[in-house]
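# Working through the structure, step by step
What follows is each chain in one-letter form.
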Amino acid sequence: MDKLEEEARPAFEHADCVFCCLGTTRKERVAGSAAAFKKVDYDYVAATARLAKACGVKHFSLVSAQGANAKVPANDWGVFHALLYTKTKGLAEQAVLREGFPRTSIFRPGMLERGAKARTGEKLFAWLSSLDVQDLARLMILDVLRDPASAKPVMFFEMSELQRAKKLAGTPPTPDKAY
């Protein structure tokens, strides 16, 4: 991933849309630190967007997070990890938007159901409000395939709309915010 912009160029050339679903956790066994977490959730997302733009991609579709906000005060201390997560996801959204794609879709799900790959917290709280990753993928594809007349250059899809839209077979989600 550190050489994404050089090594992945052939995969991005002539692509119509890029789906970016990068993300990790700060825990020791995964990212291992706040810096490593930010590298995946911000640096790699920003690099993916830069490469997509350089290759002429017309539509960038990003999985972000519910409540993403680049302005939230956060630091790298473990006790404030939720704020760091929220801020980093917001910064990643801004990096994608700065590229100025003709069309950008930002999906902000809450808790994702990841089946056997679910972490302990995800398993405990999935019953509250969650979205299966397969449903999210289907909704992202439906968004890409939507009638161009109903698409805006920038569209945000929040958790409540994603949950509503998952029940409607074959219908793309309605953006909560579009401009």
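In this report, the structure presented in the accompanying data block is examined. These figures come from a predicted structure and were not determined experimentally.

Each value, and the rule that gives it
- Here the residue numbering is sequential within each chain, running from 1 through the sequence in written order.
- In keeping with the predicted nature of the model, local features appear solely for residues at pLDDT of at least 70, side-chain atom pairs appear and are counted solely at 80 or more, and the whole-chain, interface and lining totals rest on all residues.
- Side-chain figures throughout are based on the complete set of non-hydrogen atoms in the structure, without hydrogens or water.
- Only DSSP runs of H or I reaching four residues or more are called helices, and only runs of E reaching two or more are called strands; each is numbered from the N terminus.
- Relative accessible area decides the class of each residue, using a 1.4 Å probe on protein chains only: under 20% of the type maximum gives buried, over 50% gives exposed, and in between gives partly exposed.
- Computed with the Shrake-Rupley method and a 1.4 Å probe, the accessible areas treat only the protein chains shown as cover for residues.
- Each patch is built from residues lacking any salt bridge and having more than 30% relative accessible area; the joining distance is 9 Å for like charges and 5 Å for nonpolar side chains (Val, Leu, Ile, Met, Phe, Trp, Tyr).
- By definition, a salt bridge exists where a carboxyl oxygen of Asp or Glu is found within 4 Å of a side-chain nitrogen of Lys or Arg.
- Throughout this description, the term nonpolar core refers to a set of buried Ala, Val, Leu, Ile, Met, Phe, Trp, Tyr and Cys residues connected via side-chain atoms within 4.5 Å.
- By definition, residues are in contact when any of their heavy atoms lie within 4.5 Å.

The next thing to look at is the overall build of the chain. Of regular secondary structure, the chain possesses seven helices and seven strands. Element order for the chain, N to C, with α for helix and β for strand: α-α-β-α-β-α-β-β-α-β-α-β-α-β. Within the chain, buried positions represent 40% of all 179 residues. Surface exposure of the chain reaches about 9,700 Å², of which carbon and sulfur atoms provide 57%.

In this section: a nonpolar patch on the surface. A grouping of F19, I141 and L145 is seen on the molecular surface, where their side chains present a nonpolar patch of about 310 Å² in accessible area. Following the sequence through the fold, F19 ends up in strand β1 (residues 17–20). Overall, the relative accessible area of 39% leaves F19 in the partly exposed class.

Even without glycine at this site, H14 takes up a positive phi of about 70 degrees. Along the chain, H14 turns up in the loop between α2 (9–12) and β1.

What follows is about the nonpolar core. In terms of nonpolar packing, the biggest core is built from 20 residues, with F12, A52, F60, L62, V96 and F101 touching the most fellow members. Residue assignment for this core shows that the elements contributing at least two residues are β1, α3 (34–54), β2 (59–63), α4 (81–98) and β6 (154–158). The dominant element in this core, judged by the number of residues it contributes, is α3, at five residues. Beyond its immediate stretch of four places on either side in the chain, V96 contacts V45, A49, F60, L62, F101 and T104.

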